[in-house]
Every structure is written in C-alpha cells, then in structure tokens.
2 protein chains.
Amino acid sequence: MAALAVIGHILPGMARFGLRIVDFSILSIIFHNPGITSKQLCGALNLLPPNLVGKIGTLEKRGLLVRHPHPQDGRALGLQLTAEGRALMQQAELAVAGLEAQSTQALTTAERRTLIRLLQKLYLG
Amino acid sequence: MAALAVIGHILPGMARFGLRIVDFSILSIIFHNPGITSKQLCGALNLLPPNLVGKIGTLEKRGLLVRHPHPQDGRALGLQLTAEGRALMQQAELAVAGLEAQSTQALTTAERRTLIRLLQKLYLG
DNA sequence: TATTGTTATACTCTATAACTATA
DNA sequence: TATAGTTATAGAGTATAACAATA
C-alpha cells in the first residue's frame, strides 16, 4: 500500500512529461549509462525483450533516444539519449526528486534514511 | 523492489492453494468480515466491480464461498465462506504468516516493527 | 550452436459503458 | 433518481514461440 501511494504521486507527475514510470526508468538508465544495450536494459528493469521493443521504438520516434550499431557486437544496438532526451530527463529527474520528497514528507529525514536502509536489506536478502 | 521481492516469495506459496494473491485477499477479508458486500470488497481491495465479478464467481464455483441476499438491501449480496473456504483460509493464513516471516528474515524483530511503522506513516499521509 | 533484437500472438489485468433490479 | 451487481468490451501489461542477423 505504501508503494502504491508513492507511485500514485509520481505517476501523474510523469504524465506531464508524456512518460509512464517505465518510460522514465528506461530513459534514466540510458541517460546515466549511454551506449547500454537492450539486453542490459531488460535485465535492469526486469522486462522481457519483446516488451521493450515497442517502448524503445516509441521513444525513438519521439526523438528522445537513438539506436546505433554496437562497436564490439554487431548483433547489439547501443542506446543513447538525444540532446532533446537529455534535456527532458534533466527536468524529469528533478521533478521525480521533488515528488519523492513530497510523497515521504510524513517522515523525518532520519526516518526516510532508515526506511530506505530496511527496504534494501529486504530485497538484497 | 522490496515489495516485489516479498510478493515473489508469497506468490508461489499461494499457488499451492490454487490462489493468486488477490484471491487470498478476497477470501481473507470475507473470512474476517462475513456478510460483507461486493461493493465493500471493491473499496477494501481497490478493485473495480466488473473485475471482481469473475473472481467471486470462480471462488463460488470452487465451493469456497457463497452469495446470499443481503438482509437490509435487496440489491446487495452478502458474501460468506463455506466450511471448506474457512478450512482453506486457516491453512492459507498460516502459510502467509510463515512466508512473510521468511521474506523478512534479513530483518531483526525490532527492524521489522520499525519498517511496518514507517510504511504505515507513508501511506496514511 | 548460442545470443541480440524482432515479430506475432496469447493471456492476464485494468478500465469504461451500458444494462437489471432494487432503493 | 441513484446504487449494487452484472455483462460486454477495450486497452495495457506480461508471457512464450519462432525468426533473422551476428557471435
């Protein structure tokens, strides 16, 4: 329920950028890992390759990213943001940071740190 | 990611009872609130009425619950578990408690309490 | 032979409109 | 008129199989 509450705050905020949360995640990972392949993206976001193709295609048509041949592996395609994509993500990441702060304003800074630490302990085993 | 990790543990455990998590939630709420209406269930689980109908129907066909006319409101139907449904839920709730303990075994008892408190603070505002 | 990316497709989940019967 | 439950259906998300190009 807590996760849904936070997502419920972030989702409409991302809609202002024409992005769903998964789109933001895709662009954010490419933003910080230029040249990453679709395979690596699927691993990072737990997406299946067939379900990533359409999303990448849509973002490419919007002019936010480009696919170009991978220098080492002819099968793969390296993904990079366009200047427009980078500009959008700079704004979007600021917006997400603000929305996260807003979603967790019921917690003190110390509580927020504790929560993140405990959640990490949970999913890291 | 933490929520997905916990769900990932509970989901296969519930599959042994032939239940998805939403089915468990439906049966659990009826178990502890006999006579509850579909409308109230939708509110509790954030489901839309058309999407509850089929689930209730399937559980009814399995002999786990029954629908009978509501004593005060002729439009509504009161939901109750059958003896078989109650027996299943007693086992399933024990299993879930065990799976939750297993999912959170990386945390101490105090940390588990703290986590729950902080998550409640988050979604209660 | 194995892997990356892709297409086609099926299945599930979620959402909206419209109907019935009761209030 | 409004509401509880239902039906039909559309859309999004998620899954598997199979193929072309490359390793």
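Residues numbered from 1 in each chain as written. Chains lettered and ligands numbered in written order. Predicted model: local features only at pLDDT ≥ 70, side-chain atom pairs only at ≥ 80, totals over all residues. Heavy atoms only, no water.

Looking at an unreviewed UniProt entry, chain A carries the name MarR family transcriptional regulator, with the source organism given as Ottowia beijingensis.

**Some words on the relation of the copies chain A and chain B**
Rule in force here: For this overlay, a least-squares fit was computed on C-alpha atoms, restricted to residues scoring pLDDT of at least 70 in both copies. When checking whether two residues touch, look at their non-hydrogen atoms; a contact exists if any pair is within 4.5 Å.
In screw terms, the move from chain A to chain B is a rotation of 180° and a rise of 0.0 Å along the axis, fitting with an RMSD of 0.0 Å. These values place the two chain copies in the arrangement generated by a two-fold rotation axis. Within chain A, Leu115 of chain A has its C-alpha nearest the rotation axis, a separation of 3.1 Å. Same-surface contact between copies: 100% of interface residues of chain A are shared with the interface of chain B.

**Quick word on the side chain of Ser103 of chain A**
Definition in use: Strands here are runs of E lasting at least two residues and helices are runs of H or I lasting at least four, both read from the DSSP assignment and numbered beginning at the N terminus.
The topology assignment puts Ser103 of chain A in helix α5 (residues 83-103). The contact partners of Ser103 of chain A, leaving out residues within four places of it in the chain, are Val6 and His9 of chain A together with Leu122 of chain B.

**Describing the protein's contact with DNA strand D**
This is how it is decided: Each residue is tested against the molecule or strand, and it is near if at least one of its non-hydrogen atoms lies within 4 Å. N or O atoms within 3.5 Å of each other form a polar contact, as long as, within protein, one can give a hydrogen and the other can take it, and as long as residues adjacent in sequence are counted only when both atoms are side-chain atoms. Classification used: nonpolar for Ala, Val, Leu, Ile, Met, Phe, Trp, Tyr, Cys and Pro, charged for Asp, Glu, Lys and Arg, polar for all others including Gly.
Looking at DNA strand D, there are 17 residues lining it, with Asn51, Gly74 and Arg75 of chain A together with Lys39 and Arg67 of chain B nearest. Put simply, 60% of the atoms of DNA strand D that lie within 4 Å of the protein are in sugar or phosphate. In the environment of DNA strand D, a base oxygen lies 3.0 Å from a nitrogen or oxygen atom belonging to the side chain of Arg75 of chain B. Residue Leu77 of chain B places a main-chain N or O atom 3.3 Å away from a phosphate oxygen belonging to DNA strand D. The set of elements that each furnish at least two residues to the surface near DNA strand D consists of α4 (49-61) of chain A together with α3 (38-45) and α4 (49-61) of chain B. Split by residue class, the surface near DNA strand D holds seven nonpolar, four polar and six charged.

**Quick word on the protein's contact with DNA strand C**
Around DNA strand C, a shell composed of 17 residues is seen, among which Lys39 and Arg67 of chain A together with Asn51, Gly74 and Arg75 of chain B lie nearest. Protein-proximal atoms of DNA strand C, defined as those within 4 Å of the protein, fall in sugar or phosphate at a share of 61%. For DNA strand C, a phosphate oxygen lies 3.3 Å from a polar atom in the backbone of Ser38 of chain A. In the environment of DNA strand C, a phosphate oxygen lies 2.9 Å from a nitrogen or oxygen atom belonging to the side chain of Arg67 of chain A. Mapped by element, the contributors of at least two residues to the surface near DNA strand C are α3 (38-45) and α4 of chain A together with α4 of chain B. No other element matches the three residues that α4 of chain A contributes to the surface near DNA strand C.

**Looking at the environment of Pro34 of chain A**
All names here are of chain A. Rule in force here: Throughout, exposure labels follow a simple rule: accessible area from a 1.4 Å probe, protein chains only, divided by the maximum for the residue type, with under 20% read as buried, over 50% as exposed, and the rest as partly exposed.
You can see Pro34 is positioned in the loop between α2 (21-32) and β1 (36-37). For Pro34, a relative accessible area of 55% gives the class exposed. Put simply, Pro34 and Leu81 are 47 residues apart on the chain and 7.3 Å apart in space, counted from C-alpha to C-alpha.

**Describing the pattern of salt bridges**
Rule in force here: Within this document, salt bridges are pairs made up of a side-chain nitrogen of Lys or Arg and a carboxyl oxygen of Asp or Glu, the two lying within 4 Å of each other.
Going through the model one piece at a time under the given rule, you end up with 12 salt bridges over all chains. Between Asp73 of chain A and Arg75 of chain A there is a salt bridge, with the nearest N and O atoms lying 2.9 Å from each other. The class of Asp73 of chain A is partly exposed, set by a relative accessible area of 25%. Ionic pairing is found between Glu111 of chain B and Arg117 of chain A, a salt bridge with its closest N-O pair at 3.5 Å.

**So, the interface of chain A and chain B**
Quick note on the threshold: Buried area is understood as the total, over both parts, of accessible area removed when two parts are fitted together, assessed with a 1.4 Å probe.
Contact residues are listed per partner, giving 18 residues for chain A and 18 residues for chain B. Taking both sides of the interface into account, the surface hidden between chain A and chain B amounts to around 1700 Å²; carbon and sulfur atoms contribute 80%. The largest share of the area that chain A buries against chain B comes from Leu118, Leu122 and Tyr123 of chain A, three residues that together contribute 33% of it. Taken together, chain A and chain B are joined by two residue pairs in polar contact (both at pLDDT 80 or more). Of all the elements in the fold, those that place two or more residues in the side of chain A that touches chain B are α1 (2-15) and α6 (109-123) of chain A. Examining the composition of the side of chain A that touches chain B, we find that nine residues originate from one element, α6 of chain A, more than from any other. Each residue belonging to the side of chain A that touches chain B can be placed in one class, and the counts come to 11 nonpolar, four polar and three charged.

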